Amino acid sequence: MSSVPQQSGNPEQSGTSAQSGKTGQPEPILGVRDLVKHFGGVQAVDGCDFSVPPGSLTGLIGPNGAGKSTVLELVSGGQKPDRGTITFQGQQIQGQSPDEIFGKGIARCFQIAREWPHLTVLENLLIAAGGGGQDTIGLALFRRGKARAAERELRDRALRTCEKYHLYTLRNDFAYTLSGGQKRLLEFARIAMARPRLALLDEPMAGVNPVLQAEIEHGIAELRAAGTTLLLIEHNLGFVERLCDEVIVMARGKVLATGQMADLRGNELVQEAYLGGEAGVG
């Protein structure tokens with residue numbers, strides 16, 4: 001089981017203060033440079049370049065097969081790039097294992113929610129924040145009073161998180177009984193318990209009942225309000241336009257354009273990538 005990233009303070013208080021000497025702007029929390037990945041004869045990512053500002057909600061869009069999910073796989077350690085660099089908070093992380101990258105403060109939310117199905121909602125949250133390790137064992141054996149206090153504090157935080165993500169009435173239900181949208185909310189709640197500095201969200205609206213879409217938006221807003229930087233893949237462009245500060249458009253493994261969604265709709269390269277140039281991006 002992956003270890004939970006141990007942070008020194010809240011995400012909003014760390015990793016966002018470094019300033020660029022040239023521009024006076026914060027250094028990107030994530031930088032991708034000349035990223036390349038082949039799968040056999042298929043070039044899934046072909047010289048991809050972009051950066052993500054700290055504290056932002058950045059959209060990553062493009063037609064199917066553009067390489068978006070592969071980029072998230074490379075950033076999160078699920079795949080190793082053939083070439084290029086991935087920098088997180090000023091340190092190169094390309095080629096490191098998923099556990100190492102998660103431990104640095106990057107969490108990934110998948111297209112299909114990956115909860116622990118035979119544990120309750122509350123147990124899922126407690127495990128997401130637990131971490132384990134020698135410190136926990138030492139507390140249990142030699143500082144039982146402090147261990148009990150820490151356990152109560154963790155449980156209280158998990159219950160507050162259940163409330164925040166509209167899961168409180170389901171806290172004692174097994175995760176496998178939840179609907180698709182409820183499982184997505186549970187995944188956001190688990191990320192919130194882990195307190196990452198960067199969350200990678202892969203199509204959070206996929207398979208979600210329209211009734212729950214507003215709650216999904218609420219869950220994403222809660223993650224951002226807690227200080228987590230977000231990089232989001234999503235095909236629902238209206239959703240992207242409402243929530244994202246900046247949008248990166250990919251096609252054929254490359255970045256085509258970057259900017260505000262309202263401006264990108266009129267970009268000829270973006271129109272061509274989505275619809276063969278026949279109409280604007282709707």
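From a predicted model like this one, the values you see are computed outputs, not experimental measurements.

Chemist: Break down the overall build of the protein for me, citing the residues and quoting the values.
Modeler: Summing up its helical and strand segments, the protein has 10 helices and 10 strands in all. Each of the 282 residues in the protein was classed as buried or not, and the buried ones make up 44%. Of all intrachain contacts in the protein linking residues separated by at least 6 positions in sequence, the fraction that spans at least 24 positions is 67%.

Chemist: Report on the sheet that holds strand 9 (residues 246–251), specifying residues and quantitative values.
Modeler: Strands sit in the order 6-7-8-3-9-10 across an open sheet of 6 strands; the sheet is mixed. At either end of the open sheet lies a strand with only one pairing partner, and these are strand 6 (106–109) and strand 10 (254–259). Direction aside, the axes of adjacent strands within the sheet are offset by 20 degrees on average. Bridge count for strand 6 against strand 7 (residues 198–202) is 4 bridges, and the pairing is parallel. Within strand 7, the residue paired with Ile106 across the bridge is Leu198. Packed on one face of the sheet, helix 6 (residues 180–194) meets strand 6 and strand 7 and runs near 175 degrees to strand 6. Contacts from helix 7 (residues 210–225) reach strand 3 (57–61), strand 7 and strand 8 (229–233) within the one sheet, and its direction differs from that of strand 8 by about 150 degrees.

Chemist: I'd love a proper account of unusual backbone geometry, names of residues and values included.
Modeler: In most cases, non-glycine residues show a negative phi, while peptide bonds are predominantly trans. At Gln89, a position not held by glycine, the phi torsion is positive, near 50 degrees. Secondary-structure assignment places Gln89 in the loop between strand 4 (83–88) and strand 5 (91–92).

Chemist: Account for the environment of Ser51, with residues named and values stated.
Modeler: With respect to the element layout, Ser51 can be found in strand 2 (residues 42–52). Put simply, Ser51 and Thr87 are 36 residues apart on the chain and 9.2 Å apart in space, counted from C-alpha to C-alpha. Here Ser51 is in contact with Pro28, Leu30, Gly31, Arg33 and Ile248, once residues within four sequence places are set aside.

Chemist: Hey, could you go over the packing of helix 6 against helix 7 for me, with residue numbers and the actual values?
Modeler: Helix-helix packing: each pair is described by the crossing angle between the helix axes and the interaxial distance. At a minimum axis distance of 10 Å, the contact between helix 6 and helix 7 shows a crossing angle of 5 degrees. Comparing the axis directions of helix 6 and helix 7 gives the class roughly parallel. Of the residues in helix 7, those in contact with Gly181, Gln182, Arg184, Leu185, Phe188, Ile191 and Ala192 of helix 6 are Leu212, Glu215, Ile216, Gly219, Ile220 and Leu223.

Chemist: Report on the nonpolar core, specifying residues and quantitative values.
Modeler: Ranked by size, the top nonpolar core spans 46 residues in total, and within it Leu167, Phe188, Leu201, Ile220 and Val247 carry the most contacts. Looking at this core element by element, the count peaks at 7 residues for helix 6. Those residues in contact with Leu167 that sit more than four places away from it in its chain are Val121, Cys162, Gln182, Leu185, Leu186 and Ala189. Counting residues in hydrophobic clusters, the runner-up holds 26 residues, among them Ala66, Val71, Leu200 and Met250.

Chemist: Describe the packing of aromatic side chains, naming the residues involved and giving the relevant values.
Modeler: For any pair of aromatic rings, the description consists of the separation of the ring centres together with the inter-plane angle of the planes. Within the structure shown, the criterion is met by 1 aromatic pair. Seen from the ring of Tyr168, Arg171 lies directly overhead, with NZ or CZ sitting 4.0 Å from the centre.

Chemist: So what about the sheet that holds strand 4? Which residues, and what values?
Modeler: Strand order in the open sheet formed by 4 strands is 2-1-4-5, and the pairing between neighbours is antiparallel. Each of the sheet's edge strands pairs with one partner strand only, and the pair in question is strand 2 and strand 5. In terms of strand pairing, strand 4 meets strand 5 through 2 bridges, oriented antiparallel. Residue pairing for strand 5: Thr87 is matched across the bridge by Gln92.

What counts and what doesn't
- Residues numbered from 1 in each chain as written.
- Predicted model: local features only at pLDDT ≥ 70, side-chain atom pairs only at ≥ 80, totals over all residues.
- Heavy atoms only, no water.
- Helix = DSSP H or I, 4+ residues; strand = E, 2+ residues; numbered from the N terminus.
- Buried < 20%, exposed > 50% of the residue type's maximum accessible area, 1.4 Å probe, protein only.
- Contact = heavy atoms within 4.5 Å.
- Pairing = 2+ DSSP bridges.
- Axes fitted to C-alpha atoms, helices over the stretch in contact; angles between N-to-C directions.
- Parallel < 35°, antiparallel > 145°, perpendicular 65-115°, else oblique.
- Core = buried A, V, L, I, M, F, W, Y, C linked by side-chain atoms within 4.5 Å.
- Phe/Tyr/Trp six-rings, centres within 6.5 Å; stacked < 30°, edge-to-face > 60°.
- Lys NZ or Arg CZ within 6 Å of the ring centre and 35° of its normal.

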